[in-house]
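Examining the three-dimensional arrangement
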Amino acid sequence: MTSSETIDSNEWQLSKTRHKTNFAILCITFVLVYTSFNAVTNLQSSIHSHKNVGYYSLAIISGCTVFSCLFITNPLIFLCGYKWTIVLAQFAFLLYIAANVYPKIWIIYPASVICGLFKAGFWTALSAYISDLSIVGENGHVQDAVVNKYFAIFFSTFQTAQIWGNLVTYIILRTSHYNSNNSTIMIDNTNQSQCGAYFVENEQKEMNVTTTISNSTAYILYGVFMGLILISIVLVIIMLDQKRKCLIMIVYGIAASIFSVIVGWLGRYNTRVPCYILAAVLCYSSYIVMLLWKPSTSQTYVLFIIVIMQGIATAIWDPVESALYAILFVKKEEAAYSNLWLGQNAGYFIVYFYGPTLRVQTTIILQLVYLTLALVGYFLVEIHLYRKRRQNILNNNYIETSAKF
């Protein structure tokens, strides 16, 4: 085995080890978070039954989760990546559990909203993270089997959260019951003929089993659950690797949209040539970076920098070129713009046609050549316009001078 093969083998083993570590951290994190969250939600109908605060807080969480799935989750993961989306959601769960210490409507409902908004991102980031971990180096039927195995292991560990959460609750409430007769009070006035399928929560509030716990017991119970989530937060921050989906073209679109507005505003100051030169510098810089840069997972940000530069260049060139055609071809706009789009699409056709067959390096060099030729053509046009304007000025001055004499 050669030294390079040995290095590749070591890197592969290290990568597999990191994947397993990340997977283990995800499993532990979700067990810790849902040990706390499940236990607290299981207590809502019994401990926080006044004005149905417990039930309604859970309804708010679910409703906000639906809203988040539609409008918030994808942008959140795009901005924060998988790791920090999970961390933000952990803090949201922590806030909700802390609100249960003093379960007043004005405290627990806002906490429920925050928890629900981040809960969708929590599960989306987890699922995408596990999916990415499971498919590395696999394909076909083997990949399907590995994905199933990873999710099966995760959910088998995740379901144990019900065990640990209820066990913690039982131990704390049982211990506090023995230590103080006033810690846990249960009042049972239930009419047993209205139990089971005939039971209605709102109609039985006065006759139902109600449970109250002392403040000291609540502090211990919720303190333990908050501590578990804090441990999970530390684990994720310290040990979980960041992962994100590179939504490169979204960043490109954002940059192009924003700078198109800026370029349109600058147009009133006759800044066409400086803007065009700036766009050329940005394009040259991005192409040179692409030629020299050796991509690595730790330098994903370089991709975003490159597309932002390209987006700014596009935002400059598109309006400047369109306006330039209007200046050059007065009363011939239809034919002029038809030729403009003809040239652009012919260029796309050529690049897309040979793109799959050429090395990326060759393609980038060709782009540099095309860019240089385009700049030469542009400056020839600007020189032509400058001479034309100068000739018009000279002609106007001659006419004015002749008129005086």
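Residues numbered from 1 in each chain as written. Predicted model: local features only at pLDDT ≥ 70, side-chain atom pairs only at ≥ 80, totals over all residues. Heavy atoms only, no water.

**Considering the overall build of the protein**
Note the following rule: Numbering of helices and strands runs from the N terminus; a helix is a DSSP stretch of H or I covering at least four residues, while a strand is a stretch of E covering at least two. With a 1.4 Å probe rolled over the protein chains alone, any residue whose accessible area is under 20% of its type maximum counts as buried; one over 50% counts as exposed, and the rest are partly exposed. Only the protein chains shown count as covering a residue, and every accessible area follows the Shrake-Rupley method with a 1.4 Å probe.
Summing up its helical and strand segments, the protein has twelve helices and two strands in all. For the protein, the sequential pattern of α-helices and β-strands runs α-α-α-α-α-α-β-β-α-α-α-α-α-α. Within the protein, the fraction of its 405 residues that count as buried is 34%. Accessible area of the protein: about 24,100 Å², with a carbon and sulfur share of 66%.

**Structural notes on the nonpolar core**
For clarity, the threshold we go by: Working definition of a nonpolar core: buried Ala, Val, Leu, Ile, Met, Phe, Trp, Tyr and Cys residues. They are joined through side-chain atoms within 4.5 Å. Pairs of residues are marked as contacts when any of their non-hydrogen atoms sit within 4.5 Å.
One finds Leu26, Tyr34, Phe93, Phe122, Phe154 and Phe225 to be the most contacted residues of the largest nonpolar core, which totals 52 residues. Breaking this core down by element, the ones donating at least two residues are helix H1 (3-47), helix H2 (53-71), helix H3 (73-99), helix H4 (105-135), helix H5 (140-158), helix H6 (160-179) and helix H7 (215-239). Examining the composition of this core, we find that 13 residues originate from one element, H1, more than from any other. With residues near it in sequence (within four places) discarded, phenylalanine 154 still touches Phe23, Leu26, Cys27, Phe30, Trp123, Leu126 and Ile130. Ranked by size, the runner-up nonpolar core spans 21 residues in total, among them Tyr287, Met309, Ala313 and Trp317.

**Structural notes on the packing of helix H8 (residues 248-266) against helix H10 (residues 301-328)**
This is how it is decided: Angles shown run from 0 to 180 degrees and are taken between the N-to-C directions of axes, each axis being a line fitted to C-alpha atoms and, for helices, limited to the stretch in contact. When an angle is under 35 degrees it counts as roughly parallel; over 145 it counts as roughly antiparallel; between 65 and 115 it counts as roughly perpendicular; any other value is oblique. Helix crossings get a hand from a simple test, with the near helix turned counterclockwise from the far one by less than a right angle marking a left-handed crossing and a clockwise turn marking a right-handed one. Nonpolar residues are Ala, Val, Leu, Ile, Met, Phe, Trp, Tyr, Cys and Pro. Charged residues are Asp, Glu, Lys and Arg, and all others, Gly as well, are polar.
It is at 7 Å that the axes of H8 and H10 come closest, and there the two elements cross at 40°. As the angle between them shows, H8 and H10 are arranged oblique. Crossing hand, H8 versus H10: right-handed. The residues of H10 that touch H8, namely those facing Ile248, Val251, Tyr252, Ala255, Ala256, Phe259, Ser260 and Val263, are Leu303, Phe304, Val307, Ile308, Gln310, Gly311, Ile312, Thr314, Ala315, Ile316, Pro319 and Val320. Looking at the contact of H8 with H10 residue by residue, the classes come out as 16 nonpolar, four polar and no charged.

**Here we look at the environment of isoleucine 248**
Mapping isoleucine 248 onto the fold places it in helix H8. Spatially, the C-alpha atom of isoleucine 248 lies 6.9 Å from that of valine 307, the residues being 59 residues apart in sequence.

**Thoughts on H2**
Rules: Here the expected length of a helix is defined as 1.5 Å per residue gap, with one fewer gap than residues. Each C-beta atom gives one direction from the helix axis, and the arc is the one those directions make.
Between its first and last C-alpha, H2 extends 27 Å over 19 residues, near the 27 Å set by a 1.5 Å rise per residue. Taken together, the buried positions of H2 are occupied by Val53, Gly54, Ser57, Ile61, Cys64, Thr65 and Ser68. Viewed along the axis of H2, the buried residues span an arc of 120°, placing them on a single side of the element. Of the exposed residues in H2, the ones pointing more than 90 degrees away from its buried face are Val66 and Leu70.

**Re the confidence of the model for the protein**
Note the cut-off: Values of pLDDT, ranging from 0 to 100, describe the predictor's confidence in every residue of the model.
The pLDDT averaged across the protein works out to 82; a share of 81% of its residues lies at or above 70. For the protein, per-element mean pLDDT is lowest for strand E1 (residues 184-187), which scores 47, and highest for H7, which scores 94. For the stretch residues 182-187, pLDDT sits under 50, and the model shows 21 contacts to residues farther than four places along the chain or on other chains.

**A look at the pattern of salt bridges**
Note the following rule: Think of a salt bridge as a Lys or Arg side-chain nitrogen and an Asp or Glu carboxyl oxygen that are within 4 Å of each other.
One pass over the structure, following the stated rule, counts two salt bridges. Across the salt bridge formed by arginine 18 and aspartate 241, the nearest N and O atoms sit 2.8 Å from each other. Placement of the pair is arginine 18 in helix H1 and aspartate 241 in the loop between H7 and H8, with a sequence separation of 223 residues. Owing to a relative accessible area of 29%, arginine 18 belongs among the partly exposed residues under this scheme. For arginine 272, the salt bridge identified is with glutamate 382, shortest N-O distance 2.7 Å. Linking arginine 272 in helix H9 (residues 272-292) with glutamate 382 in helix H12 (residues 360-404), this pair joins segments that are 110 residues apart in sequence.

**A short note on H3**
The criterion, for reference: Note that bend, as reported per residue, equals the angle between axes fitted to the 7 residues terminating at that residue and the 7 residues originating from it.
Its 27 residues give H3 an end-to-end C-alpha distance of only 24 Å, which falls more than 12% under 39 Å, the value for a rise of 1.5 Å per residue. Where H3 bends most, at glycine 81, the angle is about 110°. Burial runs high along H3: 19 of the 27 residues are buried.

**Observations regarding the packing of aromatic side chains**
For the record, the criterion: Classification of ring pairs uses Phe, Tyr and Trp, with its six-membered ring standing for Trp, and accepts pairs whose centres are within 6.5 Å; under 30 degrees between planes counts as stacked, over 60 as edge-to-face, and the remaining range as tilted.
Throughout the structure, instances matching the rule amount to 28 aromatic pairs. With a centroid separation of 5.0 Å and 45° between ring planes, the pair formed by phenylalanine 67 and phenylalanine 71 is classed as tilted. Of the two residues, phenylalanine 67 and phenylalanine 71 are both situated in helix H2; the distance of four residues between them amounts to about one turn of the helix. Look at phenylalanine 67 and you get partly exposed, because its relative accessible area is 42%.

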